Amino acid sequence: MPIHDQSYRHYGGRREPQGRAWIVIALAGIRNIIRKRLFIGLLLMAWVPFVVYAVQFYLAATIPQASAFLAPTAERFRSFFEWQGLFVFFITVWVGAGLIANDRRANALQIYLSKPLARSEYVAGKLMILVSFLLLVTWVPGMLLLVLQVAFAGNFTFVRTNPFVIPAITLYSFLQVLVASFTMLALSSLSKSGRYVAILYAAAVLFSHAVFGVVSLVTRSTSLSWLSFLANLSQVGDVVFRLRPHYATPWPVSVLAIIVLIAVSILILERRVRGVEVVR
Amino acid sequence: MTAAPIVESTQLSKWYGQVSGLNDVSVKVPGGVTGLLGPNGAGKSTFMKLMTGQLKPSKGTIRVLGEPIWGNPDIFFRIGFCPEQDAFYDRMTGLEWLTALVRLNGLSEKEADAAARRALEVVDLTEAAGKRIGGYSKGMRQRVKLAQAIIHDPELLVLDEPLGGMDPIGRRKTIRLIREWGREGKSLIVSSHILHEIESMTSNILLIHNGRILAEGNVHQIRDLIDEHPHTVHVRAASPRALARLFLAYDDVLSLKLEEDAVMVQTARPDEFYTRLTALVASGEAGEIHEVTSPDDNLQAVFHYLVK
Amino acid sequence: MADSASNGRTVRRGPSFLTASARVFDLSIGQMLWSRRTIFLALVVGAPVALAILFRVLDIMGFAGMRVGSRTIQGPTIFGIFIWMLYLRFIVPVLGVFYGTSLIADEVEDRTVTYLFTRPIRRGAVLVGKYLAYLVATALVVLPSVMLVYFAVVPIGGGGLAGTFPALLTDLAMLGLGLAAYGSLFAWIGAQLKRPLVIGLIFAFGWEQIVMLIPGYLRRFTIAYYLQGLVPHAMPQDSTVSFLQSVLRDVPPAWTCLVWLAVIWAGFLLLAARVVERKEYVLEQ
């Protein structure tokens, strides 16, 4: 026809299959966060322990005298993750506190959930943002450290004699990341203030550990380590790396405590991530 | 001797990073009620925030009531500001909030309480004085915001979108208040993007768009000055065709449009046209004329012509 | 509010800095005490009290866990552990971070700062008034909590209240100074920097913890160093980190601690007020 219709035209192109919207949320969130230079600085700082340990492995591989006390061991990898725990805490606070809280503040949850987007996809997308950054400072440097150790040593001796190290790095990293992510996301869904959420998380992590510290000093026993968020992770980490556990608590109790924490977090998310809020 | 301007800016500019909020604004706002008019994102709020010392100029200067505003807290005895944002200490009652704020002006507890009650009475919130602001309706919140701006009886009121969220009755009441304050001798600068609101408050406007001042002054004077746009006159008559034949004879008439019972004329010289029309009516030559209006001698037309 | 005539026109002056701060304090104290954050505050300071009562009950019931061999751990020792591990290392810094960094930031985020900045008072007075409200609100909650813990745990194992009372007073003063010093430092961080909360947490739980392990002068760039110098209890050793800290610890004289804490408190409060006076706050639309 000679005169074309200039009015609104419906989209007729290809559509992504349903269930992939979480990727959009995750990518948008990641892009938003990496724009902040200060955060990039924090990420770079989080790789400093990696550099220190890499140098140690290099020295152990090249200087025979150094190999006596700098040789790679399961304990050394375990202690690397102890250091990374500090950065996991700060990155979780930085990235995670406002993930859902900011959306609640801006009344954006209603907008999100009025799209063809399931609540689980929304939560998965938000979770992926935090998980991505946390894996970047746990699993990625952990595995890279192992690769570097093999490269510096020029052989697979360490990996052959400690075959559990690869699954240990993976399991412990993912455990550390998932516990932090689910807890932070659940707390973020409870408030409209990212700052308040950050402090709640700091309290949950640090205060629980301080309380356990008091209890253990008073009772002269570490059998109540399940009280502490950090101690539970530490206990499981020791077991996974086949080291002697720090605390007297049986490791299944620590695992159970972690599972309960994740389950409670999921329950909170299920209750709080809704398109409609009942105001009393 | 002309009165000193209440707001005077010289090459005033404000940038937010790469984005220009206000661009080289040099203006003298006279006393009385002035409407700051512009579409969303024009720079009205930026200008008001610069006027009330919320923001620092990136370039240029601004003086309010003859004094610099930034870092000059004493001037706030003379200025009352009603911001656009809907933000309060929701847990406080209207009376508590106003009392606490006006105490910052140095009033004693008793004086502050009395002032707060007076202000609440002016904005019709006496009955809700003891209720928490968190439980107020949108209109009530807007009114309590106005109350905190007038509570200390300032000389200059700066009102950023004061009618936002109000119902029609609330709007009417607030417009009436604004006109009353103007008559009492206060100076007001009222911003809005809704043309007929400003028109109902004042004919003195400051038109802003894309961070620049497009025009300032009386809306009718501005209209007259836009001479590249001919004036439109709508004449409803018994014999529109006969009238149209008469109009065609005159060279200031640029175009005609016939309607069922009226003729729409575009004229380059409206004064001459009106004089001629009056003579035609008096002589009876034009037949019966029911109504003469000028659809574009208003703010909408001015805005449309300048912003286009 | 003073009026003075100048060029025939009466020039009004706002209330004095202190009066203005006091008025802002009046406005803010209610909000701080009766907001949802109070729930957090109550939990944080209530937990030690609950724990202390639990220990006392267990001791009365003769719980074996409270004993090492035939001897019960002494009440004053337990109180010292509470002071070190809960109040000094966690509660005081966290409250300082939480409230200090949000003195102005909360008002900006809630977009209510406009009402305070369009009054005839100096902006610095707004900050100081809110700081005073923070100090009073936290002191009113934390110090009674310490006293309750004291009365609950000190009698354990036959500990005497009279003999340890001076230590309680020292603890209360020390914790009050801690709230003041951390509050003013984080007030400055909150006024000056973006993401002040994370930076505050990094300072309190990263920098201060790590630097206290390093011998030398670096530890003087912490508040913990001076506060710990005033604590009248032995430092507990619950972990490798605290063991190392106690081994590498050097205790400055009390007067040095007091002077430096006063300098930190006044200096950062002044800086914070100065920042607020000069900074423009762009509210999110």
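**Some remarks on the overall build of chain C**
Then, number 1: Across its full length, chain C holds 11 helices and 4 strands.
Then, number 2: With respect to the three principal axes, the spread of C-alpha positions in chain C is 85 × 40 × 40 Å.
Then, number 3: The 285 residues of chain C split such that 50% are buried.
Then, number 4: Long-range contacts, defined as pairs at least 24 residues apart, comprise 80% of the intrachain contacts of chain C with a sequence gap of at least 6.

**Brief notes about the overall build of chain B**
Then, number 1: Looking only at helices and strands, chain B has 10 helices and 14 strands in total.
Then, number 2: Expressed along its principal axes, the backbone C-alpha trace of chain B runs to roughly 75 × 45 × 40 Å.
Then, number 3: Taken over 308 residues, chain B has a buried fraction of 43%.
Then, number 4: Restricting to contacts in chain B with at least 6 residues of sequence separation, those with at least 24 account for 67%.

**As for the sheet that holds strand 12 (residues 253-258) of chain B**
All names here are of chain B.
Then, number 1: Overall, antiparallel pairing links the 4 strands, which are arranged 12-13-11-14 in an open sheet. Only two strands of the sheet have a single neighbouring strand rather than two, namely strand 12 and strand 14 (289-293). Direction aside, neighbouring strands of the sheet carry axes that sit 20 degrees apart on average.
Then, number 2: Two elements, strand 11 (residues 231-237) and strand 13 (residues 262-267), share 6 bridges in a ladder whose sense is antiparallel. Along strand 13, the bridge assignment pairs Val235 with Val263.
Then, number 3: Contacts from helix 8 (residues 240-248) reach strand 11, strand 12 and strand 13, with the element oriented near 170 degrees to strand 12.

**Brief notes about the sheet that holds strand 6 (residues 79-82) of chain B**
Residues and elements named next belong to chain B.
Then, number 1: Taken in spatial order, the 6 strands of this open sheet run 6-7-8-3-9-10, and their pairing is mixed. Each edge of the open sheet carries a strand with a single partner, namely strand 6 and strand 10 (212-218). Ignoring which end each strand starts from, the neighbouring axes of this sheet average 15 degrees apart.
Then, number 2: Bridging between strand 6 and strand 7 (residues 156-160) involves 4 bridges; their strand directions are parallel. Along strand 7, the bridge assignment pairs Gly80 with Leu157.
Then, number 3: Helix 1 (residues 44-51) contacts strand 3 (33-37), strand 7, strand 8 (187-192) and strand 9 (204-209) of the sheet and is inclined by roughly 150 degrees relative to strand 7.
Then, number 4: Sheet contacts for helix 4 (residues 138-150): strand 6 and strand 7; angle to strand 6, the most-contacted strand, approximately 165 degrees.

**Structural notes on the domain arrangement of chain B**
The extent of an interface is frequently quoted as the accessible surface area lost upon association of the parts.
Then, number 1: Annotation of chain B at the domain level lists domain 1 (7-223) and domain 2 (226-307).
Then, number 2: The distance between the C-alpha centroids of domain 1 of chain B and domain 2 of chain B comes to 39 Å.

**Quick look at the interface of chain C and chain B**
Then, number 1: In this complex, chain C contributes 25 residues to the contact, which on the side of chain B involves 23 residues.
Then, number 2: Only helix 1 (17-33) and helix 5 (113-117) of chain C provide two or more residues apiece to the side of chain C that touches chain B.
Then, number 3: Looking at the side of chain C that touches chain B, the element that brings in the most residues is helix 1 of chain C, giving 5 residues.
Then, number 4: Along the lines of polarity and charge, the residues of the side of chain C that touches chain B split into 11 nonpolar, 5 polar and 9 charged.

**Some words on the nonpolar core**
Then, number 1: In terms of nonpolar packing, the biggest core is built from 239 residues, with Ile91 and Val214 of chain A together with Phe82, Leu127 and Val153 of chain C touching the most fellow members.
Then, number 2: Among the nonpolar cores identified, the runner-up in size contains 11 residues, and Ala237, Val253, Val265 and Leu277 of chain B belong to it.

**Quick word on the arrangement of the chains**
Then, number 1: Take the 2 pairs of chains in contact: the one carrying the most contacts is chains A and C.
Then, number 2: There is a gap between chain A and chain B: no contact, and a shortest C-alpha distance of 11 Å.

**Thoughts on the interface of chain C and chain A**
Then, number 1: Each side of the interface is counted separately: chain C has 29 residues, and chain A has 24 residues.
Then, number 2: Within the residue set of the side of chain C that touches chain A, elements represented by two or more residues are helix 2 (37-60), helix 3 (75-100) and helix 8 (196-211) of chain C.
Then, number 3: Residue contributions to the side of chain C that touches chain A peak at 9 residues, all from helix 3 of chain C.
Then, number 4: The residue inventory of the side of chain C that touches chain A, partitioned by class, reads 22 nonpolar, 3 polar and 4 charged.

**What about the confidence of the model for chain C?**
All names here are of chain C.
Then, number 1: Of the residues in chain C, 91% have a pLDDT of 70 or more, and the chain-wide mean is 87.
Then, number 2: A low-confidence stretch, residues 4-8 stays under pLDDT 50, and its non-local contacts, those more than four residues away or across chains, total 4 contacts.
Then, number 3: Interface predicted TM-score (ipTM) for the complex: 0.85; the corresponding pTM is 0.86.

**Some words on unusual backbone geometry**
Residues and elements named next belong to chain B.
Then, number 1: The backbone phi angle of Asp124 is positive, close to 65 degrees, even though this residue is not glycine.
Then, number 2: When you line up the elements, Asp124 lands in the loop between helix 3 (109-122) and helix 4.
Then, number 3: The phi dihedral of Asp153 falls on the positive side, at around 55 degrees, and the residue is not glycine.

Reading the values: rules and limits
- Residues numbered from 1 in each chain as written.
- Chains lettered and ligands numbered in written order.
- Predicted model: local features only at pLDDT ≥ 70, side-chain atom pairs only at ≥ 80, totals over all residues.
- Helix = DSSP H or I, 4+ residues; strand = E, 2+ residues; numbered from the N terminus.
- Buried ≥ 20, exposed ≤ 12 C-beta atoms within 10 Å, placed from the backbone.
- Contact = placed C-beta atoms within 7 Å.
- Pairing = 2+ DSSP bridges.
- Axes fitted to C-alpha atoms, helices over the stretch in contact; angles between N-to-C directions.
- Domains from an automatic or database assignment.
- Nonpolar A, V, L, I, M, F, W, Y, C, P; charged D, E, K, R; others polar.
- Core = buried A, V, L, I, M, F, W, Y, C linked by C-beta atoms within 7 Å.
- pLDDT = per-residue confidence, 0-100.

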